[in-house]
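Chain by chain, the residues:
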Amino acid sequence: MEHLLSYIIWDPNLFAFHIGSFGIRWYSLCWGIGLALAYILVRRLYKEQKIKDEYFDPLLLYCFVGILAGARLGHCLFYQPEYFLSSWEHAVEMIVPMHHMADGSWKYVGYEGLASHGGTIGLIIALYLYYRRTHLNLWIVLDNIAIATPITACFIRLGNLMNSEIIGKVTDVPWAFIFEKVDKVPRHPGQLYEAIAYAVFFFVGWYLYRHKPQKVGTGFFFGLCLTLIFTFRFFVEYTKDIQVDFESGMFLNMGQLLSIPFVIIGIACMTGGKWMKKIGAK
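Residues numbered from 1 in each chain as written. Predicted model: local features only at pLDDT ≥ 70, side-chain atom pairs only at ≥ 80, totals over all residues. Heavy atoms only, no water.

This part covers unusual backbone geometry. Phi at His135 takes a positive value of approximately 65°, unusual for a residue other than glycine. Judged by relative accessible area, His135 falls into the partly exposed class, the value being 48%. Residue Ser164 is not a glycine yet carries a positive backbone phi of 55°. By the element assignment, Ser164 lies in the loop between α7 (138-162) and β6 (177-179). (Buried < 20%, exposed > 50% of the residue type's maximum accessible area, 1.4 Å probe, protein only. Helix = DSSP H or I, 4+ residues; strand = E, 2+ residues; numbered from the N terminus.)

See the structure below:
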């Protein structure tokens, strides 16, 4: 019992505040803060690089839709395909924030389940479509977004922490969290590990940009972002509990398997081969 007192009891209110009967969840607020910071940072980068405002204006919409759609579809297809592909009603749930009830009615539940790997894929596709519209050098776009991305990822993981989701494995480390909404067992705060790491990665990327701004447009910062985030993601998975039952018999879980291609792509972009310079150049 004495040892339990040294752990962190985690049971935050899911809502940051209410406006009348409408409540704003911490999770949504963290997402909003993360996207707002990325917006401010990329706008600053565009101005410093003297990129016209007309190129920046549509960027937020592309990024928001790409991340949200990719993250949602990624969760549904990577982690719960047996549910979402089992009927048209469940397939509709992938797109609309509603749940089909047993009595045939629909209930608003929000988007319960977003996958970071899917969000990354969705973002890359959205940025490619943005490049096709603006004809701005694709590598400049990817590098600028990559400089800001880790701070957004940091706040998304803080949102997961406030939701008491993506919990860690049982542990006896003194900084363990007891997630009251889940169980009474001390666990690794995997969400906090990731949030701290992503904040560090942001400052590393920002420092390198300040000292080597000429690397924007080479794919270096895009590759650095992918390599740092998904290498860390691969190893932090060893502290996390499984998210879905089918992962229990796997040597590497789904998060680790999905991280490997991103690490390979990241290293390739950082090293910058001739093939890269021919893709997306204006």
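Text resumes after the structure shown.
The next point concerns the environment of Asn253. Counting through the fold element by element, Asn253 comes out in the loop between α9 (220-236) and α10 (254-271). Using a relative accessible area of 11% as the deciding quantity, one classes Asn253 as buried. The spacing of Asn253 and Gln243 is 10 residues in sequence and 9.1 Å in space, taken between C-alpha atoms. Look past the residues within four positions of Asn253 in its chain and what remains in contact with it is Glu237 and Glu247. Of the polar contacts made by the side chain of Asn253, one reaches the side chain of Glu237; its length is 2.9 Å. Within polar-contact distance, the side chain of Asn253 engages the backbone nitrogen of Gln256 at 2.8 Å. (Contact = heavy atoms within 4.5 Å. Polar contact = N/O pair within 3.5 Å; in protein donor to acceptor, adjacent residues only side chain to side chain.)

Inspection of the secondary structure puts His90 in helix α5 (residues 88-93). Here His90 falls in the buried class, since its relative accessible area comes to 19%. Polar side-chain contacts of His90 include one of 3.0 Å to the backbone oxygen of Tyr83. Ignoring any residue separated from it by four or fewer positions in sequence, one finds His90 in contact with Tyr83 and Phe84.

Contact geometry for helix α6 (residues 116-134) and α9: axes closest at 12 Å, N-to-C directions at 170°. Overall, the two elements α6 and α9 adopt an arrangement that is roughly antiparallel. As α6 runs across α9, the sense of the crossing is left-handed. For the pair α6 and α9, contact is made by Ser116, His117, Thr120 and Ile124 and by Phe222, Leu226, Phe230 and Arg233, respectively. Per-class residue counts for the contact of α6 with α9 are 4 nonpolar, 3 polar and 1 charged. (Axes fitted to C-alpha atoms, helices over the stretch in contact; angles between N-to-C directions. Parallel < 35°, antiparallel > 145°, perpendicular 65-115°, else oblique. Left-handed = near helix turned anticlockwise from the far one by under 90°. Nonpolar A, V, L, I, M, F, W, Y, C, P; charged D, E, K, R; others polar.)

Take the domain arrangement of the protein chain next. The domains assigned to the protein chain are domain 1 (52-135) and domain 2 (138-281). With centres defined by C-alpha atoms, the gap from domain 1 to domain 2 works out at 19 Å. Each partner contributes to the interface: domain 1 provides 15 residues, whereas domain 2 provides 20 residues. For the domain 1 face of the interface with domain 2, the top three residues by lost area are Tyr79, His117 and Tyr131, together amounting to 43%. (Domains from an automatic or database assignment. Buried area = accessible area lost by both parts, 1.4 Å probe.)

What follows deals with the pairing of strand β3 (residues 22-25). Where strand β2 (residues 15-19) lies against β3, 4 bridges are found, and the strand directions are antiparallel. Within β3, the residue paired with Phe15 across the bridge is Arg25. Where β2 hands over to β3, the hairpin turn is made up of 2 residues, of which Gly20 adopts a positive phi near 65°. (Pairing = 2+ DSSP bridges.)

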